[in-house]
Every structure is written in structure tokens, then in C-alpha cells.
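So the chains spell out like this:
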Amino acid sequence: MDNCIFCKIVAGQIPATIVYEDEDLIAFNDIRPAAPVHILIIPRKHFDTLSSVGVEHEGLLGKMLTLASQLAEKAGCAPVLQADGSLTGGYKTLINCGPDGGQEVYHLHMHVIGGPKPWR
């Protein structure tokens, strides 16, 4: 944990563009965005991977998902119901877990990715 970049962001040792924070979570803009909106949501408490959390952390995980939709709406990429009943806009959430899951930083984090396509 001493070398965890996200723990250093939580501790204020590394700057980040914070878009939300409370006693449990911090959300900030990704420094290498894959889309016009690319926000990372992390728990203040260090968990290496999604597999590191237990049933006792269900509330924290639910809070992460709820925050994702709020931040997507605030960033202007939430789905919008059109007059004809169709939806426009949208975003995706992503949690990579482990090396085969594409995880690069070993501190649990959720990506909120959205905005006009194409994305990479």
C-alpha cells in the first residue's frame, strides 16, 4: 500500500482533479481518458481488487454504483429519454480485476466512461 498511487491520491500526496469526495469514496478524472468523460471512483480504504471485498462491503460497492450514475449525469452523459421514446447518451462502468482482467493499479476502482463516441 505504501507505493499505491491511489492511496497517495487519497492521502493528498499526489494531485488529482477531484470531482467528488466523502468519508468513503473519492472520484477523480482519469489522467489517460479513454473517452470524453472518464472518471475513476475509488474507496478511501485500500482493497487490492474487487475479489478482496467481502459481503460486509456490499454497502460500499452499492455506494460506488450509485455515485457512478450521479457523476455520469453531472458530466452530461446519462441516458436521456427523447420525445419519441428513444434513448440517447449513456455511459458504462467497468471494474477490472487482476492481471487477466486488465487491472493496472491494484487499488479497487471503478471507471465511469461516457460521452459522444467513438471511444478507444
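Residues numbered from 1 in each chain as written. Predicted model: local features only at pLDDT ≥ 70, side-chain atom pairs only at ≥ 80, totals over all residues. Heavy atoms only, no water.

A. Region of the structure containing the pattern of salt bridges. Summed over all chains, the structure comprises 5 salt bridges. Among the ionic pairs, Lys-63 bridges to Asp-22, the shortest N-O distance being 2.9 Å. One end of the pair, Lys-63, is in helix H2 (residues 58-74); the other, Asp-22, is in the loop between strand S1 (18-21) and strand S2 (25-29), and 41 residues separate them in sequence. Its relative accessible area of 24% is what places Lys-63 among the partly exposed residues. By relative accessible area, Asp-22 is classed as buried at 13%. A salt bridge links Lys-63 to Asp-24; its shortest N-O distance comes to 2.7 Å. You can see Lys-63 sitting in helix H2 and its partner Asp-24 sitting in the loop between S1 and S2, a full 39 residues away along the chain. (Salt bridge = Lys/Arg side-chain N within 4 Å of Asp/Glu carboxyl O. Helix = DSSP H or I, 4+ residues; strand = E, 2+ residues; numbered from the N terminus. Buried < 20%, exposed > 50% of the residue type's maximum accessible area, 1.4 Å probe, protein only.)

B. Spatial organisation of the environment of Thr-17. One can find Thr-17 in the loop between helix H1 (5-10) and S1. Each C-alpha atom, one on Thr-17 and one on Asn-29, is 5.7 Å from the other, the two residues being 12 residues apart in sequence.

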